[in-house]
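# Structural characterization, general
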Amino acid sequence: MDDTQKLLKSIIDGIQDKKGKDIVVADMSKINTGVCNYFVICQATTANQTTAIARSVGDKVREQCDTKPFSTSGIENGLWIAMDYGDIFVHIFQPEERAFYDLEHLWADATLTSIPNID
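Structure report, in brief.

### Here's the deal with the packing of helix H1 (residues 3–17) against helix H2 (residues 47–65)
Working note: a packed helix pair is described by the angle between its axes plus the distance between those axes. Where H1 contacts H2, the axes come no closer than 8 Å and their chain directions differ by 140°. When the axes of H1 and H2 are compared, the pair comes out oblique. Crossing handedness for the pair H1 and H2: right-handed. Contacts between H1 and H2 involve Lys-6, Leu-7, Ser-10, Ile-11, Asp-13, Gly-14, Ile-15 and Asp-17 on the former and, on the latter, Ile-53, Ser-56, Val-57, Lys-60, Val-61, Gln-64 and Cys-65.

Listed below in structure tokens is the structure:
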């Protein structure tokens, strides 16, 4: 498993640990104008949950990949938290914000993979 795939798995594990739902991985590695190789998009029901997911992702990635995000934004309001890991951007949304920004379809050429919810 290469470093990017290991990072991707750690991010997904962190999301699932805090019951993040409707995870979608947008593979943009074959898009020449893509800002990164992957978007990982998920949903939380409250600001507290978005923050908990972001912390969980940060902890998992630090433990399993020995790295930190280049930047994180949105923690202060918890409606949409974005984490930049270079090759991978993580987006943690509340439902209304996710529907409004619709990132899954913004990058129409990306290959989308849905990750099953864990109950």
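There's plenty left to go through after this.
### Regarding unusual backbone geometry
In most cases, non-glycine residues show a negative phi, while peptide bonds are predominantly trans. In this structure, Asp-66 is a non-glycine residue whose phi angle is positive, near 55°. For Asp-66, the position within the fold is in the loop between H2 and strand S3 (71–73). The phi torsion at Asp-102 lies on the positive side, around 45°, for a residue other than glycine. Tracing the backbone through its elements, the reader meets Asp-102 in the loop between helix H3 (95–101) and helix H4 (103–106). The partly exposed category is assigned to Asp-102, whose relative accessible area is 31%.

### So, the sheet that holds strand S6 (residues 111–115)
Read from one edge to the other, the open sheet built from 6 strands follows the order S3-S4-S5-S2-S1-S6, with strand pairing classed as mixed. Each edge of the sheet is formed by a strand with only one pairing partner; in this case those strands are S3 and S6. Looking at each pair of strands side by side, their axes are set apart by 15° on average, direction ignored. Both strand S2 (residues 38–43) and strand S5 (residues 88–93) contribute to a ladder of 6 bridges, which runs parallel. By the bridge assignment for S5, Tyr-38 is matched with Ile-88. Across the sheet, H1 is in contact with strand S1 (21–27), S2, S5 and S6; its angle to S2 comes to roughly 5°.

### Some thoughts on the packing of aromatic side chains
Evaluated as defined, the whole model comprises 5 aromatic pairs. Measuring from ring centre to ring centre gives 5.9 Å for Phe-39 and Phe-89, while their planes differ by 15°; the resulting arrangement is stacked. A residue pair is termed long-range when its members are at least 10 positions apart, and Phe-39 in strand S2 and Phe-89 in strand S5 qualify at 50 residues. For the pair shown, Phe-39 and Phe-89 are each scored as buried. Ring centres of Phe-93 and Tyr-101 lie 6.4 Å apart, and the angle between their planes is 25°; this geometry places the pair in the stacked category. Among the aromatic residues, those joined into a ring-pair cluster are Trp-80, Phe-93, Phe-100 and Tyr-101.

Conventions we followed
Residues numbered from 1 in each chain as written. Predicted model: local features only at pLDDT ≥ 70, side-chain atom pairs only at ≥ 80, totals over all residues. Heavy atoms only, no water. Axes fitted to C-alpha atoms, helices over the stretch in contact; angles between N-to-C directions. Helix = DSSP H or I, 4+ residues; strand = E, 2+ residues; numbered from the N terminus. Parallel < 35°, antiparallel > 145°, perpendicular 65-115°, else oblique. Left-handed = near helix turned anticlockwise from the far one by under 90°. Contact = heavy atoms within 4.5 Å. Buried < 20%, exposed > 50% of the residue type's maximum accessible area, 1.4 Å probe, protein only. Pairing = 2+ DSSP bridges. Phe/Tyr/Trp six-rings, centres within 6.5 Å; stacked < 30°, edge-to-face > 60°.

So yeah, pure geometry; function would need other evidence.
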